[in-house]
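As a plain string of letters, each chain reads:
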Amino acid sequence: MLNTTNKNTKVSGPVAIPHPSQLDIFTPDEATLEANHIVGFDGNDIRSRPFNLLRSQVVKTLESNDWNLFGTTSATPAAGKSFLSMNLAAALSRLSDTTIYLFDFDLRRGSLAEALGVDSKVGLGEYLAGKTDDLQSVGRRIGESNLVLFPCYRVKANSAELLASRRFEALMDAIKSLPDDIIVICDLPPAFANDDTIMIAQYLDAYMLIIEQGITTKKQMNNTVALLKPTPCLGTVLNRYVGGLIDPYGYGYGGSEYSKYYSD
């Protein structure tokens, strides 16, 4: 974990987000993807179907509102927020004319690097703490896909101080200056875990709220929306749905006919 006692969070110059061609390529191991249920890269995998459907809805909503920067959050921990962020980003990256940047801003419990098997000593926590000025050393292009990941290796404390810094503000200004054909997803902490998500949300076009069936209450959902105002809610996703006819991961979109379709 990173000790954030270093106060060197000033900005030494203009911040530029690296182009995918400037980043090292990291190719995930198939066994690691399978172990962490990362299925969005393979459009022929029946388990990727819910993320393909979600992808279409997200793209439609972004285009209709002229948005390209959104976050994912939940009211409570362990709702599947990062799982959904990773698979949605992977599904979006299969669109040939779209580049996806995925930033792990869950500074205290970043998990996207582990889900892909990325092993590095330098992440967004180190950058925000002033340990490095080199965003190229942080970012990774994932295989030959259109996905770029900026991972986070869990900070020890004081994440709110890092997010209140001029360095973070400059980073978000640079992200917002990316070309319009780039979609940026920010994986955020649960809304009520601390004030980190409130601080980040003010820079976003919108956010997606992940709801866990049987766990997230209506009050928690409404309070999250109120807490993050005036940032609009792009939409909600009911995760771990177990009603009706279900397929893997609990998404109720039908039965065996879909399996036959994909197997053909």
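Residues numbered from 1 in each chain as written. Predicted model: local features only at pLDDT ≥ 70, side-chain atom pairs only at ≥ 80, totals over all residues. Heavy atoms only, no water.

Colleague: Looking at this structure, how should I read the packing of aromatic side chains?
Modeller: Each aromatic ring pair is specified by the distance between its two centres and by the angle formed by the two planes. Per the stated rule, a full pass over the model turns up seven aromatic pairs. A ring pair is formed by Tyr101 and Phe103, whose centres lie 6.4 Å apart and whose planes are at 15°; its orientation type is stacked. With respect to burial, Tyr101 and Phe103 carry one shared label: buried. Counting every residue linked through ring pairs, the aromatic cluster contains Tyr101, Phe103, Phe105, Phe150, Phe168 and Tyr203. (Phe/Tyr/Trp six-rings, centres within 6.5 Å; stacked < 30°, edge-to-face > 60°. Buried < 20%, exposed > 50% of the residue type's maximum accessible area, 1.4 Å probe, protein only.)

Colleague: Just to check I follow, could you spell out helix H7 (residues 166-176) for this structure?
Modeller: Side chains three or four residues apart in an α-helix point the same way, a direct result of the helix having 3.6 residues per turn. When H7 is considered as a whole, its buried residues turn out to be Arg167, Phe168, Ala170, Leu171, Met172, Ala174 and Ile175. Close packing links the buried residues of H7 with strand E2 (69-74), strand E3 (99-104), helix H5 (124-128), helix H6 (159-163), strand E6 (182-187) and helix H8 (196-201). (Helix = DSSP H or I, 4+ residues; strand = E, 2+ residues; numbered from the N terminus. Contact = heavy atoms within 4.5 Å.)

Colleague: Where do I start with a nonpolar patch on the surface in this structure?
Modeller: Taken together, the side chains of Phe192, Ile198 and Leu227 define a hydrophobic patch exposed on the protein surface, amounting to about 230 Å² of accessible area. With respect to the helices and strands, Ile198 occurs in helix H8. (Patch = residues over 30% accessible without salt bridge, like charges linked within 9 Å, V, L, I, M, F, W, Y side chains within 5 Å. Areas by Shrake-Rupley, 256 points an atom, 1.4 Å probe, with all protein chains shown as cover. Salt bridge = Lys/Arg side-chain N within 4 Å of Asp/Glu carboxyl O.)

Colleague: How should the pattern of salt bridges be read in this particular structure?
Modeller: A side chain with one charge may pair with a side chain of the opposite charge, provided their charged atoms come close. Under the criterion given, the structure shown has five salt bridges. With a shortest N-O distance of 2.8 Å, Asp45 and Arg47 are connected by a salt bridge. Neither Asp45 nor Arg47 differs from the other in exposure class; each is buried. By sharing partners, the salt bridges in this structure join Glu34, Asp45 and Arg47 into a single network.

Colleague: What am I meant to see in the layout of surface pockets here?
Modeller: To locate leftover empty space, one rolls a probe as large as a water molecule over the atoms. Looking at the largest pocket, its volume works out to about 380 Å³. Lining the largest pocket are 22 residues, and of these Pro77, Ala78, Lys81, Ser82 and Asp106 lie nearest its centre. With three residues, the top contributor of residues to the lining of the largest pocket is helix H3 (residues 81-93). Grouping the amino acids of the lining of the largest pocket by side-chain chemistry returns seven nonpolar, seven polar and eight charged. (1 Å grid on protein atoms, 1.4 Å probe; cavity = no way out; pocket = protein on both sides within 12 Å on 5 of 7 lines; lining within 4 Å. Points joined across faces, edges and corners; volume = space filled by probe spheres on them. Nonpolar A, V, L, I, M, F, W, Y, C, P; charged D, E, K, R; others polar.)

Colleague: Please clarify how the sheet that holds E6 should be interpreted in this entry.
Modeller: Strand pairing in a sheet takes place through backbone hydrogen bonds and is either antiparallel or parallel in direction. If you walk across this open sheet you meet the eight strands as E1-E4-E5-E3-E6-E2-E7-E8, and the pairing is mixed. The open sheet has two edge strands, strand E1 (24-26) and strand E8 (233-239), and neither has a second partner. Sheet twist, expressed as the mean angle between neighbouring strand axes with direction ignored, is 25°. Contacts between helix H2 (residues 49-65) and the sheet are confined to E2, E6, strand E7 (206-212) and E8, with E8 contributing the most and set at about 170° to the helix. The strands touched by H3 within the sheet are E2, E3, strand E5 (147-150), E6, E7 and E8, with E6 carrying the most contacts at an inclination of about 170°. (Pairing = 2+ DSSP bridges. Axes fitted to C-alpha atoms, helices over the stretch in contact; angles between N-to-C directions.)

Colleague: Where do I start with the environment of Ile185 in this structure?
Modeller: Tracing the chain through its elements places Ile185 in strand E6. For Ile185, a relative accessible area of 0% gives the class buried. In sequence terms Ile185 and Met86 are 99 residues apart; their C-alpha atoms lie 9.3 Å from each other. If we ignore the near neighbours within four places in the chain, the residues touching Ile185 are Phe70, Thr72, Leu88, Ala89, Leu92, Ile100, Tyr101, Leu102 and Phe103.

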